Amino acid sequence: MPAPTQHRLIFQHIDEPGYSNDIDCYLRNGGYEVLKKAVAQKPEDLREEVKKSGLRGRGGAGFPCGFKWSLVDRKSGKPIYLIVNADESEPGTFKDRYIMHQDPHQLIEGTMISCFANDVKQAYIYIRGEMPEGARILEKAIAEARAQNLVGPNILGTGYSCEIFVHRGAGAYICGEETGLIESLEGKRANPRIKPPYFPAVLGLYQCPTIVNNVETLCHVKHIVQQGGAEYAKIGTPGNTGTRIFCVSGHVQRPGYYEFPAGTITMGQLLNDVCGGPLPGRTFKAVIPGGSSAKVLRFGERYKGKRKVGTDMVDYDWGVEDVPMDFDSLAMIGSMGGSGGVIVMDDSVNMVEALANINAFYQHESCGQCTPCREGSLWMKKISSRMVHGEARKEDAALLKSVADQIPGRTICAFGEACSWPTQSFLIKFKDEFEGYAEAKKNLPADRLSLV
Amino acid sequence: MIAAPKPDLVTVNIDGVDISVPKGTNVIEAAKLLQKDVPHYCYHPKLSVAGNCRMCMIEMGTPAFDPATKAPVTDPATGKQKINWIPRPQIGCGTTVSPGLHVKTSSSMVKDAREGVMEFLLINHPLDCPICDQAGECKLQEQATGYGRGYSRFIEEKNVKPKRTQLGPRVTLDDERCILCSRCVRFSKEIANDDVLGFVDRGSYSTLTCHPGKKLENNYSLNTVDICPVGALTSTDFRFKMRVWFLKQTNTVDIESSVGVNAVVWSREGTIYRLTPRRNDEVNDTWMPDSGRILYKQVAATDRLTAVKLNGSDTSLDIALHAAAALLKAGSVSIVGSGRASVEEQFLLKQLATATGAQGHLVARTASGDKLLISADRNPNVRGALVTGLISQLPCAELKQLSRDIDEGKIKTVVSHGEDLHAAGLTAALLAKVAVIYIGTHANATSAAANIILPTLHTFEKAGTFVNQQFRIQKFYAAVPAPQGATNDLVVLAKLVASTGTHTPASEVHALWPAIAAAVPALATMLYKNIPDTGLLLDATPWVGLPFVEGETLHYKPAAAIAAEAARS
């Protein structure tokens with residue numbers, strides 16, 4: 001079956017010749033019309049539209065956005081904050097960056113609509129430290145919007161006021177975890193908070209109710225309000241509404257970002273039809289479907305079970321190529337849709353070395369709060385680095401797996417899962433390669449590049 | 001005494017046993033009530049919950065309710081309400097009890113989780129227990145034994161971190177031993193109100209340090225050493241001096257102010273090595289000021305009095321007491337007691353005053369309080385002097401009336417129990433006009449001017465009681481033997497009373513107490529042995545109108561503040 005055609009909703013203007021990131025260009029293309037429409041409505045109606053849309057968060061967890069908003073404590077009398085999570089740090093993910101660089105006003109419009117819908121008077125865009133250019137563009141865009149009375153006091157003469165501030169992180173993956181982000185925004189070390197009691201919807205920024213949404217999620221809100229929740233829900237598949245952006249990197253002919261109605265494209269269609277298949281003379285070996293923390297899939301393995309289609313339970317028997325790229329299907333086969341970062345590895349890749357690289361990243365990013373993640377991530381890194389650069393032992397395979405098994409589900413935040421899932425899945429699916437690495441290493445070229 | 005209001009109780013099930021605990025209790029504390037150990041590092045009962053060490057993980061379940069009808073779901077196997085067990089372990093410190101909560105503290109899931117955490121904590125921890133001061137009182141040692149696997153799978157190189165950072169004048173840090181529990185960080189911020197500690201770097205390379213330009217030098221810095229579960233924070237004073245398992249522990253009370261901080265003296269073969277706080281939730285929680293901990297150095301100070309003297313020459317106790325008796329019998333005696341003396345000593349001094357017709361005085365010792373565990377009244381036992389009747393009014397810093405009396409020739413002999421009369425405003429010229437009997441521990445201007453010196457014992461060498469600012473009577477015990485030449489204050493005082501010919505009081509704490517209970521209304525029906533280690537509140541009604549100098553401290557509010565609060569509500 002050929003791949004469906006791209007449906008560019010969020011990325012409509014990305015890479016469009018002649019489209020610039022200033023407000024004039026955005027206004028020429030119908031920009032801020034949705035905000036004008038939104039502020040004439042009741043906030044609770046807007047929230048209802050988002051609920052109806054079935055929008056799921058695009059940061060990685062796929063948590064229903066309308067439900068997240070409904071958890072906000074609106075009776076505390078405290079101000080409600082909205083934070084745009086622009087700390088896009090998951091390796092393999094590069095969608096929010098393009099929105100901010102090329103279409104920042106789409107984000108600002110989506111943010112302002114979401115703020116109005118939630119009675120937020122102050123919003124923060126927490127942008128990753130490594131994106132200074134994005135921060136500059138956003139600052140400029142906010143200033144432009146303020147000049148047009150679209151941000152700031154008494155927006156469009158409605159009496160509603162809301163400020164947006166850009167806050168730059170200092171370069172840490174953990175600042176993308178929402179409570180770590182909040183700590184960082186408060187000026188502290190980004191140690192994620194314990195939940196309970198610190199659920200952001202109740203005790204978030206400055207102990208006030210807080211909404212934290214991903215950049216792409218808030219852009220979707222704009223389109224939901226534009227076309228109505230029910231209409232938006234028609235895009236994609238039930239439970240996976242709207243469009244999904246995939247950031248494909250690695251060993252394919254045409255890596256890049258592609259936007260499709262959610263759940264309508266399979267892994268095989270994405271990699272072969274859209275991305276042009278493997279490099280010449282190569283075959284696909286493995287793919288990580290949702291950012292580097294997602295569990296790896298091995299080409300050639302089969303996934304069997306029952307799944308719900310409509311109201312019926314249907315048997316499925318999939319290879320990697322057959323898996324629909326939606327949150328639920330990927331979760332069903334033991335991985336996740338995550339942030340949409342698809343990392344492709346072909347048969348030139350040694351999985352031990354690939355894991356050593358991933359482990360080095362997660363070790364460097366653990367905040368150090370919880371014992372299992374702090375010590376486990378470094379231990380896994382030390383083992384896999386030693387295997388690559390020093391002596392590899394056959395028993396290292398079992399040891400790595402065992403160390404990884406002691407981490408997930410035992411930490412304050414999901415970083416415990418993020419740092420252990422790669423090792424767990426690599427070791428389950430490529431056990432032979434790890435056990436036989438000592439032998440395989442003897443045949444590796446002596447002048448190969450060393451890892452970090 | 002006023003009974004505390006009954007707390008709201010919640011019934012929970014821990015390892016199959018139902019127990020009712022006050023609402024708000026966490027699982028660690030609830031399990032403790034059943035003698036079930038939930039091992040932990042970062043949790044401390046007097047600090048906020050950080051939940052980071054992950055050692056206190058337990059298996060947890062809540063009663064099942066039908067989502068539609070909200071009716072309890074019955075488990076057909078047991079006939080009881082079904083329990084929905086959470087498939088992953090939860091932290092005991094961060095989980096407060098809820099009705100019907102079920103907890104397993106030693107299931108295979110819990111065991112596995114603990115073994116994992118123990119292994120992780122040890123891989124980068126130096127195995128230097130043989131030279132580590134914490135050995136013997138180290139949670140890492142204890143829990144590795146109790147909950148670890150007992151072998152290591154770690155063959156990589158351990159992390160290298162700073163080994164001897166001076167965080168402040170009294171605390172030395174070994175960062176390699178630190179398990180990053182953040183107790184010290186939270187203590188400094190939450191209790192000492194001196195937010196100076198934090199972590200730099202991240203992951204396993206995280207390193208405890210002071211904020212730039214700051215030092216851990218507040219008067220509570222050594223509490224970080226006490227609460228450090230490992231040997232990372234060590235007392236610079238105690239470091240490498242003695243293995244803790246050789247030390248004898250004796251309960252005592254901090255003598256530096258009227259707060260009456262509960263403490264423990266750690267000694268071996270007559271030498272004191274350190275003082276640490278003793279938990280008393282009504283007085284000092286688990287804290288103690290640094291300044292109270294160095295007081296043990298007074299015991300072996302070079303100016304310690306160890307020779308009985310009569311008119312400048314060494315003599316025997318009996319001869320000196322005989323000479324003292326002659327002075328007392330001659331009349332015109334005045335007695336200066338001490339707010340640092342025990343209730344028992346003040347009681348005997350009061351008897352001596354009565355027998356000699358002397359007036360009892362006390363010297364006030366005040367400075368500003370720190371609002372935590374040092375009060376404005378730097379005498380530990382002014383209230384004891386009130387309770388025993390040695391004084392009826394609050395003391396002044398200077399003995400003005402006594403000065404006048406001496407000047408006018410009304411007084412011929414002054415008995416001072418440990419107080420430096422010169423410092424209390426009696427000039428050398430005045431002291432020259434009278435005979436001075438000095439009963440005390442350390443040399444000073446008064447002992448230099450004294451006709452008779454009767455060396456006695458330091459608090460750490462004797463037993464007794466103090467009455468703190470709350471009117472709480474608290475016991476202390478003899479930790480070390482007295483130096484040769486010094487005699488127990490009670491023996492000296494009892495002999496002086498006996499020499500006046502009225503009666504012969506007991507000279508030992510236990511034997512003396514029936515007489516105290518009979519004579520002192522506030523202490524009636526009490527016996528020394530019956531006073532609990534955390535003290536007993538006395539009825540303070542007779543003294544409620546006195547203008548005590550103390551301001552608010554940790555568990556104390558002045559009567560005026562309480563009255564003002566009552567008026568507001």
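Things to note about the overall build of chain B
Here is step 1: Scanning chain B from N- to C-terminus turns up 15 helices and 24 strands.
Here is step 2: Principal-axis analysis of the C-alpha atoms gives chain B an extent of 90 × 55 × 40 Å.
Here is step 3: Within chain B, the proportion of its 569 residues that are buried is 53%.
Here is step 4: Here chain B has roughly 24300 Å² of accessible surface; of this, 55% comes from carbon and sulfur atoms.

Some words on the overall build of chain A
Here is step 1: Along the backbone of chain A there are 19 helices and 13 strands.
Here is step 2: Its C-alpha atoms give chain A a radius of gyration of 22 Å, within 12% of the compact-globule value 22 Å for 452 residues.
Here is step 3: Overall, the C-alpha framework of chain A stretches about 75 × 50 × 45 Å when taken along its three principal axes.
Here is step 4: Sequence-distant contacts, at least 24 apart, represent 69% of the contacts inside chain A between residues at least 6 apart.

Section: the interface of chain B and chain A
Here is step 1: The interface is formed by 36 residues belonging to chain B together with 33 residues belonging to chain A.
Here is step 2: Here chain B and chain A share an interface that buries about 2900 Å² over both sides, 51% of which is from carbon and sulfur atoms.
Here is step 3: Looking at the side of chain B facing chain A, the largest losses of area belong to Phe 120, Arg 153 and Arg 202 of chain B, adding up to 27% of the total buried there.
Here is step 4: Put simply, chain B and chain A have four salt bridges between them.
Here is step 5: A salt bridge links Glu 417 of chain A to Arg 88 of chain B; the shortest N-O distance between them is 3.5 Å.
Here is step 6: Elements with a contribution of two residues or more to the side of chain B that touches chain A: α2 (108-123) and β9 (197-200) of chain B.
Here is step 7: With eight residues, the top contributor of residues to the side of chain B that touches chain A is α2 of chain B.

With respect to the domain arrangement of chain A
Residues and elements named next belong to chain A.
Here is step 1: Partitioning chain A into structural domains gives domain 1 (23-234), domain 2 (237-346) and domain 3 (351-441).
Here is step 2: Placing a centre on the C-alpha atoms of domain 1 and another on those of domain 3 gives a separation of 35 Å.
Here is step 3: Counting residues at the interface gives 14 residues for domain 1, matched by nine residues for domain 3.
Here is step 4: Looking at the side of domain 1 facing domain 3, the largest losses of area belong to Tyr 173, Ile 174 and Pro 192, adding up to 51% of the total buried there.
Here is step 5: At the junction of domain 1 with domain 3, the criterion picks out zero salt bridges.
Here is step 6: At the boundary of domain 1 and domain 3, one finds four residue pairs in polar contact (both at pLDDT 80 or more).
Here is step 7: A per-class count over the side of domain 1 that touches domain 3 returns seven nonpolar, two polar and five charged.

Brief notes about the packing of helix α15 (residues 371-389) of chain A against helix α16 (residues 396-405) of chain A
Residue and element names in this part refer to chain A.
Here is step 1: Put simply, α15 and α16 touch, their axes get as near as 9 Å, and they point 165° apart. With respect to each other, α15 and α16 are oriented roughly antiparallel. By crossing handedness, the relation of α15 to α16 is classed as left-handed. Only Asp 396, Leu 399, Leu 400, Val 403 and Ala 404 of α16 make contact with α15, whose side of the interface consists of Gly 376, Trp 379, Met 380, Ile 383, Arg 386 and Met 387.
Here is step 2: Its residues assigned to classes, the contact of α15 with α16 shows eight nonpolar, one polar and two charged.

As for the environment of Gln 346 of chain B
Residue and element names in this part refer to chain B.
Here is step 1: Relative to the helices and strands, Gln 346 resides in helix α8 (residues 343-356).
Here is step 2: Judged by its relative accessible area of 0%, Gln 346 is buried.
Here is step 3: Considered as a pair, Gln 346 and Val 387 are 41 residues apart in the sequence and their alpha carbons are 9.4 Å apart.
Here is step 4: Apart from the residues within four sequence positions on either side, Gln 346 is in contact with Ser 338, Gly 339, Ala 341, Asn 381, Gly 384, Ala 385, Thr 388 and Leu 390.
Here is step 5: A distance of 2.9 Å separates the side chain of Gln 346 from the backbone nitrogen of Ala 385, its partner in a polar contact.

A look at the sheet that holds strand β24 (residues 536-537) of chain B
Residues and elements named next belong to chain B.
Here is step 1: Here three strands make up an open sheet; going across it, the order is β22-β23-β24 and the pairing antiparallel. Edge positions in the sheet fall to β22 (464-467) and β24, since each of these pairs with one other strand and no more.
Here is step 2: Here β22 runs beside strand β23 (residues 472-476); their pairing, made up of four bridges, is antiparallel. Note that in β23 the partner of Phe 466 across the bridge is Gln 474.
Here is step 3: In the packing of α8 onto the sheet, the strands contacted are β22 and β23, and the crossing angle to β22 comes to about 90°.

Section: the domain arrangement of chain B
Here is step 1: As far as domains go, chain B holds domain 1 (9-116), domain 2 (131-138 + 151-246) and domain 3 (309-543).
Here is step 2: For domain 2 of chain B versus domain 3 of chain B, the separation of C-alpha centres amounts to 42 Å.

Topic: the environment of Lys 51 of chain A
Residues and elements named next belong to chain A.
Here is step 1: Turning to its location among the elements, Lys 51 is positioned in helix α3 (residues 43-53).
Here is step 2: Taking relative accessible area as the criterion, Lys 51 reaches 43% and is therefore assigned partly exposed.
Here is step 3: For Lys 51 and Ala 230, which are 179 residues apart along the polypeptide, the C-alpha to C-alpha distance reads 9.4 Å.

Looking at the pattern of salt bridges
Residue and element names in this part refer to chain B.
Here is step 1: Under the criterion given, the structure shown has 66 salt bridges over all chains.
Here is step 2: With its nearest N and O atoms 3.1 Å apart, the salt bridge here joins Glu 176 to Lys 163. Of this pair, Glu 176 sits in the loop between β8 (171-173) and α4 (183-190) while Lys 163 is found in the loop between α3 (139-147) and β7 (165-166), placing the two residues 13 residues apart along the sequence.
Here is step 3: Overall, the relative accessible area of 15% leaves Glu 176 in the buried class.
Here is step 4: Residue Glu 461 pairs with Arg 304 through a salt bridge whose shortest N-O separation is 2.7 Å. Taken together, the residues span a long stretch of sequence, with Glu 461 in the loop between β21 (452-455) and β22 and Arg 304 in the loop between α6 (290-293) and β15 (309-310) at a distance of 157 residues.

Overview of the packing of aromatic side chains
Here is step 1: With the rule as written, the count across this model stands at 25 aromatic pairs over all chains.
Here is step 2: Look at Phe 187 of chain B and Trp 287 of chain B: their rings are 4.7 Å apart centre to centre, the planes differ by 55°, and that puts the pair in the tilted class. Taken together, the residues Phe 187 of chain B in helix α4 and Trp 287 of chain B in the loop between β14 (271-277) and α6 connect sequence positions 100 residues apart.
Here is step 3: Exposure remark for Phe 187 of chain B: the relative accessible area of 1% places this residue in the buried category.
Here is step 4: Judged by its relative accessible area of 1%, Trp 287 of chain B falls in the buried class.
Here is step 5: Here the aromatic residues Phe 11, Phe 94, Tyr 98 and Tyr 257 of chain A are joined through ring pairs into a cluster of three or more.
Here is step 6: Here Arg 268 of chain B stacks its cationic end above the ring of Phe 246 of chain B, 4.3 Å away from the centre of that ring.
Here is step 7: The positively charged end of Arg 274 of chain B is found above the aromatic ring belonging to Phe 238 of chain B, 4.7 Å away from the centroid.

As for the nonpolar core
Taken as a class, soluble globular proteins show a tendency for nonpolar side chains to be buried jointly.
Residue and element names in this part refer to chain A.
Here is step 1: Within the largest apolar cluster, 63 residues are counted, with the highest numbers of intra-cluster contacts made by Leu 107, Ile 108 and Met 112.
Here is step 2: If you tally residues by element for this core, the top one is helix α6 (residues 104-117), at seven residues.
Here is step 3: Sequence-distant contacts of Ile 108, that is, excluding residues within four places in its chain, are made with Tyr 32, Leu 138, Ala 141, Ile 142, Ala 145, Val 151 and Ile 164.

Digging into the pairing of strand β20 (residues 435-440) of chain B
All names here are of chain B.
Here is step 1: In terms of burial, β20 is a largely internal element, six of the six residues being buried.
Here is step 2: Residues of β20 alternate between two faces, with Ala 435, Ile 437 and Ile 439 on one and Val 436, Tyr 438 and Gly 440 on the opposite face, all of them buried.
Here is step 3: Across five bridges, strand β19 (residues 413-417) lies against β20 in parallel orientation. Note on β20: the bridge partner recorded for Ser 416 is Tyr 438.

What to know about the sheet that holds strand β13 (residues 262-268) of chain B
All names here are of chain B.
Here is step 1: Reading across from one edge, β12-β13-β14 is the order of the three strands in this open sheet, with antiparallel pairing throughout. For this open sheet the edge positions go to β12 (248-253) and β14, each flanked by a neighbour on one side alone. For this sheet, the mean inter-axis angle between neighbouring strands, taken without regard to orientation, is 30°.

Some details on the packing of α6 of chain A against helix α7 (residues 132-147) of chain A
Residues and elements named next belong to chain A.
Here is step 1: It is at 9 Å that the axes of α6 and α7 come closest, and there the two elements cross at 60°. The angle between the axes of α6 and α7 places the two elements in the oblique class. Helix-helix and strand crossings are classified by hand; for α6 and α7 the assignment is right-handed. Taking contact as the criterion, the partners of Pro 104, His 105, Leu 107 and Ile 108 in α6 are, on α7, Ile 137, Leu 138, Ala 141, Ile 142, Glu 144 and Ala 145.
Here is step 2: Of the residues assigned to the contact of α6 with α7, the class counts are eight nonpolar, one polar and one charged.

A look at a nonpolar patch on the surface
Here is step 1: A contiguous nonpolar surface patch, about 280 Å² in accessible area, is contributed by Phe 63, Phe 67 and Leu 71 of chain A.
Here is step 2: Of note, Phe 63 of chain A is situated in the loop between α3 and α4 (65-70).

What counts and how
- Residues numbered from 1 in each chain as written.
- Chains lettered and ligands numbered in written order.
- Predicted model: local features only at pLDDT ≥ 70, side-chain atom pairs only at ≥ 80, totals over all residues.
- Heavy atoms only, no water.
- Helix = DSSP H or I, 4+ residues; strand = E, 2+ residues; numbered from the N terminus.
- Buried < 20%, exposed > 50% of the residue type's maximum accessible area, 1.4 Å probe, protein only.
- Areas by Shrake-Rupley, 256 points an atom, 1.4 Å probe, with all protein chains shown as cover.
- Rg over C-alpha atoms; globule rule 2.2 N^0.38 Å.
- Contact = heavy atoms within 4.5 Å.
- Buried area = accessible area lost by both parts, 1.4 Å probe.
- Salt bridge = Lys/Arg side-chain N within 4 Å of Asp/Glu carboxyl O.
- Domains from an automatic or database assignment.
- Polar contact = N/O pair within 3.5 Å; in protein donor to acceptor, adjacent residues only side chain to side chain.
- Nonpolar A, V, L, I, M, F, W, Y, C, P; charged D, E, K, R; others polar.
- Axes fitted to C-alpha atoms, helices over the stretch in contact; angles between N-to-C directions.
- Parallel < 35°, antiparallel > 145°, perpendicular 65-115°, else oblique.
- Left-handed = near helix turned anticlockwise from the far one by under 90°.
- Pairing = 2+ DSSP bridges.
- Phe/Tyr/Trp six-rings, centres within 6.5 Å; stacked < 30°, edge-to-face > 60°.
- Lys NZ or Arg CZ within 6 Å of the ring centre and 35° of its normal.
- Core = buried A, V, L, I, M, F, W, Y, C linked by side-chain atoms within 4.5 Å.
- Patch = residues over 30% accessible without salt bridge, like charges linked within 9 Å, V, L, I, M, F, W, Y side chains within 5 Å.

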